[in-house]
There are 2 protein chains.
Amino acid sequence: MSINADTKDRILATARELFHGRSYADVGIKEICTLANVQKGSFYHFFPSKQDLAMAVIDDMSDDWAQGFVAEAFDEALPPIERLDYMVDAIYYWQKAAKSAEGRMPGCLFGNLALEVSTRDEVLRARLNAVFDKASASFHKALEQAVELGEMPPLDTAATATAMLAYLEGVILLAKTRNDPEVVRILGPAIKSIRIE
Amino acid sequence: MSINADTKDRILATARELFHGRSYADVGIKEICTLANVQKGSFYHFFPSKQDLAMAVIDDMSDDWAQGFVAEAFDEALPPIERLDYMVDAIYYWQKAAKSAEGRMPGCLFGNLALEVSTRDEVLRARLNAVFDKASASFHKALEQAVELGEMPPLDTAATATAMLAYLEGVILLAKTRNDPEVVRILGPAIKSIRIE
DNA sequence: CCTTGACTTGACCGACCGGTCTAATATACT
DNA sequence: AGTATATTAGACCGGTCGGTCAAGTCAAGG
């Protein structure tokens, strides 16, 4: 192991921050390298291409989510419907914190990337799709349990789960465009009203 | 008037198509000029910058919408709630047609641009915000009338209108990521279930 | 000690970016 | 006809892009 075993991690963390705060196309490898204190050669030692970096960033963020507040929000100990509110709250506080730290609401990295690259890069699109599928599955489980527990009248849980995810992404999109996290707080809770029979 | 009085229009139409089908950053002025059969000098005669072009494209598309299917969908002759379904249908058929023509679902130009540029360009962000506000207003009017006519129990019509717009954008985002317009058809109608009291 | 191979350095590459500029050309007005 | 003005043409600019590469440095294994 080298003394700089964390080089790859630094690249990853820096890229993630920059991609999230701006966009894929706007952030160059040179900039990532500079901020991560890494030389270009080292970068290309770890990542064969910018696309590969993007995939790594997506996977990295996805893992962090799965182990982070998404795991908390969809904790089976919580009543299913409360999980939805937890998720909305988590997003709200996160975006609010990000805005006060950097002045701008970054929105959802996955949503941002999806709209930016999915017409141009099939590989990344597929990756992002998988992330959305996984997220949708969390909603699905919560809905199934809600129905099972009688907390919610029966419905098409799979379709509704996807619709809820879509709603969340849409709310974040609008909030980002307004650069106002309050949009999430105001519109977010209506996620519970969405129903597909 | 010059024999090529439509030069500006050709630039605009080409840029709109390219921005919509790909992204703002991915499309260069040179490419727009080539496809529009215009030279760079002419381009910069009509548009002082790429940013100005983007604004013009946003305005152009927004006007087309306002006079096109959005006007039809939100026609006051239609029962308010049917307007929502009309809107969803219109989006579905549009995206489906675009996909079979070009192989890819382009999604919503405004949503695409919003996520791509709103952290980087305040001017464009403001413009996109205005477009969303205008769209939200159409929903708002429909909801107000629905409540008035007793077709819908009273609710916070303004917030719900924005929520519906957010939902639509989210559905389009997901559909684009899946490159599958059917997502719009399946999830779209649930827009009517969204409620903010 | 010497080799191996992972890692780093930074110069370098061609392509392309948004944007500028000068000169030519077409049109409209007097 | 002559002149002003709008439009077009396309070479050109500095800068940046993603990516390559040859030349190293350095720690671990034999």
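Residues numbered from 1 in each chain as written. Chains lettered and ligands numbered in written order. Predicted model: local features only at pLDDT ≥ 70, side-chain atom pairs only at ≥ 80, totals over all residues. Heavy atoms only, no water.

Visitor: Before we go on, may I ask you to explain helix α9 (residues 157-178) of chain B in this structure?
Guide: All names here are of chain B. A rise of 1.5 Å per residue sets the reference length of α9, with its 22 residues, at 32 Å; its end C-alpha atoms lie 31 Å apart and thus fit the reference within 8%. By the criterion of burial, α9 is predominantly enclosed, with 20 of the 22 residues buried. Just beyond α9, the residue with positive phi is N179, at close to 55°. (Helix = DSSP H or I, 4+ residues; strand = E, 2+ residues; numbered from the N terminus. Expected span 1.5 Å × (residues − 1). Buried < 20%, exposed > 50% of the residue type's maximum accessible area, 1.4 Å probe, protein only.)

Visitor: Would you mind showing me how to read the interface of chain B and chain A here?
Guide: Size of an interface: often given as the accessible area lost when the parts come together. With 44 residues of chain B in contact, the opposing surface of chain A contributes 44 residues. Across the contact surface, chain B and chain A share 6 salt bridges. The shortest N-O distance in the salt bridge between A:R104 and B:E122 comes to 2.9 Å. Taken together, the connections running from chain B to chain A amount to 22 residue pairs in polar contact (both at pLDDT 80 or more). Those elements that place two or more of their residues in the side of chain B that touches chain A are α7 (109-117), α8 (122-148), α9 and α10 (182-187) of chain B. A total of 14 residues in the side of chain B that touches chain A trace back to one element, the largest contributor, which is α9(B). Looking at the side of chain B that touches chain A residue by residue, the classes come out as 20 nonpolar, 12 polar and 12 charged. (Contact = heavy atoms within 4.5 Å. Salt bridge = Lys/Arg side-chain N within 4 Å of Asp/Glu carboxyl O. Polar contact = N/O pair within 3.5 Å; in protein donor to acceptor, adjacent residues only side chain to side chain. Nonpolar A, V, L, I, M, F, W, Y, C, P; charged D, E, K, R; others polar.)

Visitor: Even after reading the chapter, I still don't get the protein's contact with DNA strand D, so can you show me in this structure?
Guide: Close to DNA strand D lie 17 residues, the nearest being A:I29, A:K40, A:K50, B:T7 and B:G41. A share of 52% is what sugar and phosphate atoms reach among the atoms of DNA strand D within 4 Å of the protein. With respect to DNA strand D, the side chain of A:K40 contributes an N or O atom lying 2.6 Å from a base oxygen. At 3.0 Å from a phosphate oxygen of DNA strand D is found a side-chain nitrogen or oxygen belonging to B:H45. Among the elements of the structure, α3 (40-46) of chain A together with α3 (40-46) of chain B are those that each provide at least two residues to the surface near DNA strand D. Considering each element in turn, the surface near DNA strand D owes the most residues, 5 residues, to α3(B). Here the surface near DNA strand D is composed, by residue class, of 4 nonpolar, 10 polar and 3 charged. (Near = heavy atom within 4 Å.)

Visitor: In this structure, what is going on with the relation of the copies chain B and chain A? I would like to understand it.
Guide: Put simply, the two copies of the chain differ by a rotation about an axis and a shift along that axis. Superposing chain B onto chain A takes a rotation of 180° plus a shift of 0.0 Å along the axis, which leaves an RMSD of 0.0 Å. Put plainly, the chains are arranged around a two-fold axis. Ranked by how close their C-alpha atoms come to the rotation axis, the residues of chain B are headed by B:G170, at 1.9 Å. (Least-squares fit on C-alpha atoms with pLDDT ≥ 70 in both.)

Visitor: How should the side chain of B:H20 be read in this particular structure?
Guide: All names here are of chain B. One can find H20 in helix α1 (residues 7-21). In terms of polar contacts, H20 uses its side chain to reach the backbone amide nitrogen of L109, at 3.5 Å. Excluding its chain neighbours within four sequence positions, the residues that come into contact with H20 are M61, W94, P106, G107, C108, L109 and N112.

Visitor: Is there a simple way to think about the environment of A:L124 in this case?
Guide: Residues and elements named next belong to chain A. By the element assignment, L124 lies in helix α8 (residues 122-148). Along the backbone, L124 and D75 are 49 residues apart, and their C-alpha atoms lie at a distance of 29 Å. Residues within four places of L124 in sequence aside, it is in contact with Y24, Q51, A54, M55, I58 and V117.

Visitor: Would you explain the domain arrangement of chain A in this entry?
Guide: All names here are of chain A. Per the domain assignment, the segments making up chain A are domain 1 (1-49) and domain 2 (68-193). One C-alpha centre belongs to domain 1, the other to domain 2; they are set 28 Å apart. Every contact between the two is made by 6 residues of domain 1 and, on the other side, 10 residues of domain 2. Taking both sides of the interface into account, the surface hidden between domain 1 and domain 2 amounts to around 670 Å²; carbon and sulfur atoms contribute 64%. If you look at where domain 1 meets domain 2, you find 0 salt bridges. Counting the contacts that link domain 1 with domain 2 gives 4 residue pairs in polar contact (both at pLDDT 80 or more). Residue composition of the side of domain 1 that touches domain 2, by class: 3 nonpolar, 3 polar and no charged. (Domains from an automatic or database assignment. Buried area = accessible area lost by both parts, 1.4 Å probe.)

Visitor: Explanation requested: the packing of aromatic side chains in the structure shown.
Guide: All names here are of chain B. The full count for this structure, using the stated rule, is 18 aromatic pairs over all chains. The ring of F47 carries K8 above its face, with NZ or CZ at 5.7 Å from the centroid. Seen from the ring of Y24, K50 lies directly overhead, with NZ or CZ sitting 4.4 Å from the centre. (Phe/Tyr/Trp six-rings, centres within 6.5 Å; stacked < 30°, edge-to-face > 60°. Lys NZ or Arg CZ within 6 Å of the ring centre and 35° of its normal.)

Visitor: What exactly am I supposed to notice about the environment of A:F46 here?
Guide: Residues and elements named next belong to chain A. Along the chain, F46 falls in helix α3. The exposure class of F46 is partly exposed, given its relative accessible area of 31%. Each C-alpha atom of the pair F46 and I11 lies 9.1 Å from the other, and the pair is 35 residues apart in sequence.

Visitor: Any chance you could explain the packing of helix α7 (residues 109-117) of chain A against α8(A) here in plain terms?
Guide: A pair of packed helices is captured by two measures, namely the crossing angle of their axes and the spacing between those axes. All names here are of chain A. Between α7 and α8, the least distance of the axes is 10 Å, while the angle of their chain directions is 145°. Once α7 is placed against α8, the crossing between them reads as left-handed. Residues F110, G111, L113, A114 and V117 of α7 pack against L124, L128, V131 and F132 of α8. In terms of residue class, the contact of α7 with α8 is built from 8 nonpolar, 1 polar and no charged. (Axes fitted to C-alpha atoms, helices over the stretch in contact; angles between N-to-C directions. Left-handed = near helix turned anticlockwise from the far one by under 90°.)

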